[in-house]
Amino acid sequence: MPSATHIDIHVVPGDGVPIYRQIMAQISDGVACGRLSPGDRLPSQRELAQRLVVAPLTVKKAYDLLEREGVVESRHGSGTFVAQGAQGDKAQAEKHLAQAARQLVTQAQLSGLDDKALIALVQAAAAQLRQERASGDHSRGERPKTTETEES
Amino acid sequence: MSHISVRDLEFAYGDGREALGGLSLHVEPGEVVGLLGRNGAGKTTLLHCLLGLLKPSAGEVEIFGLDPRAYPLEVKSQLGHVSEHDLLPPGRRVRELLAFHADVFPDWDGALCDELVGRFGLNTASRIRQLSKGQVRQVSLVCAVAHRPKLLLLDEPAGGLDPAARREVLQLAIELLVEGGTTVLFSSHHMHDVERLAQRVVMLHEGRVLLDDTLDDLREGCSLAVLPGDLAPRLEAMPRCLRVRPQGDVVHAAMAAPPSEAEQLLNGELSRTDVRCSSLNLEDFFVELVG
């Protein structure tokens, strides 16, 4: 069995979104920016539950929903893998993005940034992600292992 | 068969003070339920009734389908219990306590016991009075889980512990869940711990169940609006408004709807366009409901 691809996940209880959504978002994000590639094996549910110190059912829920969205696939007896051609549910993603965009615009307005400046920031972030994705194959595996961090 | 089945439970203390006033609760095998409520809400009294330590004034309590007062041995052999208020005999050595529990429980798993003692770094020759508060709690935990119970009742299992010791308690609970699908009912004031461990949340208030829902539905299906104080009466009349809490000139309205839905509802109902709702984490939710 191939060993699980390392992926940095950390959860913050008390954050704006429930823990299962935090796990889902970080795995989807890993796929989107190339830290995870199709075929990569994810940590087992029990391993991740112990590493993050969260209930095993929470991890199961995240994995099940990611599977339904086509981001991961479980292969009987050998674990959970990033799916071929993985991409998230578009309608759902747009809904979340609209909410995030609204927060972003509010913050920008509060800081006195105009729309143009905000759009430039978004474009810069997109360019940076593209760059990271391009060099993703080299940097993968060298990322420092982060332990889960959080304390109330 | 439910692991915990409580119907219309009432309990009053000798002085007539009512601690539980008609409480019903069912917990199925494998569920992990966080029991929340302010001090005095009835959490410990409920757990003591489940353990058979208190005799209900009215109503029924069944653990594994049995009355814990009529069948104490049958129930206790499959049950583990840890409380913040556990009193272990101060003069006893750790190994004497462990040996006592190993004798009492036919299913005592000596290997698991040794593993936990090793992991916690407990010196079994120490007397209880020589241990720190965290170490005493670890001894309680080993005694509560080494017979691999089907059901764990935990009353503030990490209460009074420092963050590192609290995390160890949580880690042990997660490990038991990963291994065996243990049913857990635990009370806690640490909302972050509840978010890590619980799938379902039961909130007690004045001896009754105020709210019983899955953690994720609570987190995603409730929201908060902050509105001018004079709207309080109209908000209180709204069916999906869970609580209205005055805060100076404004009121906080906890809504049983996700933020966008609650905004629509409130804007429509109050003929406004400026109502904004935000999501709530468990701690905020607790304060909005029973604070």
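Residues numbered from 1 in each chain as written. Chains lettered and ligands numbered in written order. Predicted model: local features only at pLDDT ≥ 70, side-chain atom pairs only at ≥ 80, totals over all residues.

(A) Spotlight on unusual backbone geometry. All names here are of chain B. The backbone of Arg 148 sits at a positive phi, close to 45°, despite the residue not being glycine. Mapped onto the elements, Arg 148 comes out in the loop between helix H5 (133-145) and strand E6 (151-155). Despite not being glycine, Glu 206 shows a phi value in the positive range, around 50°. Judged by the 15 C-beta atoms lying within 10 Å of it, Glu 206 falls in the partly exposed class. (Helix = DSSP H or I, 4+ residues; strand = E, 2+ residues; numbered from the N terminus. Buried ≥ 20, exposed ≤ 12 C-beta atoms within 10 Å, placed from the backbone.)

(B) Spatial organisation of helix H1 (residues 43-50) of chain B. Residue and element names in this part refer to chain B. Among the eight residues that make up H1, seven are buried, leaving the element largely enclosed by the rest of the structure. Those residues of H1 lying buried are Lys 43, Thr 44, Thr 45, Leu 46, Leu 47, Cys 49 and Leu 50. Directly after H1, the chain includes Gly 52, whose backbone phi takes a positive value near 80°.

(C) Focus on the pairing of strand E7 (residues 183-187) of chain B. Residue and element names in this part refer to chain B. By the criterion of burial, E7 is predominantly enclosed, with five of the five residues buried. Of the two faces of E7, the one holding Thr 183, Leu 185 and Ser 187 and the one holding Val 184 and Phe 186 are both buried throughout. Here five bridges tie E6 to E7, and the two strands are oriented parallel to one another. What sits directly across from Asp 155, in E7, is Ser 187. Viewed along the sheet, the connection from E6 through helix H6 (residues 163-180) into E7 turns out right-handed. (Pairing = 2+ DSSP bridges. Right-handed = clockwise from strand over helix to strand, strands pointing away.)

(D) Layout of the sheet that holds E7(B). Residue and element names in this part refer to chain B. One open sheet holds the six strands; their spatial order is E5-E6-E7-E3-E8-E9, and the pairing between them is mixed. Both outer strands of the open sheet, strand E5 (79-83) and strand E9 (208-214), are each paired with one neighbouring strand and no more. Neighbour-to-neighbour, the strand axes of this sheet turn through a mean angle of 15°, independent of strand direction. With four bridges connecting them, strand E3 (residues 32-36) and E7 associate as parallel partners. Bridge pairing in E7 links Leu 35 to Ser 187. Of the strands in this sheet, E3, E6, E7 and strand E8 (200-205) are in contact with H1, which crosses E6 at around 150°. Docked against the sheet, H5 engages E5 and E6, running at close to 165° with respect to E5. (Axes fitted to C-alpha atoms, helices over the stretch in contact; angles between N-to-C directions. Contact = placed C-beta atoms within 7 Å.)

(E) Focus on the interface of chain B and chain A. Each partner contributes residues to the interface: chain B has 22 residues there, and chain A has 17 residues. Those elements giving two or more residues to the side of chain B that touches chain A turn out to be H6, helix H7 (191-197) and helix H8 (215-221) of chain B. In terms of residue count, the dominant contributor to the side of chain B that touches chain A is H6(B) (eight residues). Looking at the side of chain B that touches chain A, its residues break down into eight nonpolar, six polar and eight charged. (Nonpolar A, V, L, I, M, F, W, Y, C, P; charged D, E, K, R; others polar.)

(F) Spotlight on the environment of B:Gln138. Residue and element names in this part refer to chain B. Locating Gln 138 in the fold gives a position in helix H5. Sequence separation of Gln 138 and Gly 121 is 17 residues, and the distance between their C-alpha atoms is 9.8 Å. Apart from residues lying up to four places away in sequence, Gln 138 is in contact with Phe 120 and Leu 122.

(G) Seen up close, the sheet that holds strand E2 (residues 18-27) of chain B. Residues and elements named next belong to chain B. Across the sheet, which stays open at both edges, the three strands sit in the order E2-E1-E4 with antiparallel pairing between neighbours. The open sheet has two edge strands with one neighbour each: E2 and strand E4 (58-63). Averaged over all pairs of adjacent strands, the angle between strand axes in this sheet comes to 20°, irrespective of strand direction. Across seven bridges, strand E1 (residues 4-12) lies against E2 in antiparallel orientation. Bridged to Phe 11 within E2 is Leu 20.

(H) Spotlight on the confidence of the model for chain A. Residue and element names in this part refer to chain A. Per-residue confidence for chain A gives a mean pLDDT of 81, with 82% of residues at or over 70. Here helix H6 (residues 136-139) stands out as the element of chain A with the lowest mean pLDDT, 50, in contrast to helix H3 (residues 56-68), whose mean of 94 is the highest. A low-confidence stretch, residues 137-152 stays under pLDDT 50, and its non-local contacts, those more than four residues away or across chains, total 20 contacts. (pLDDT = per-residue confidence, 0-100.)

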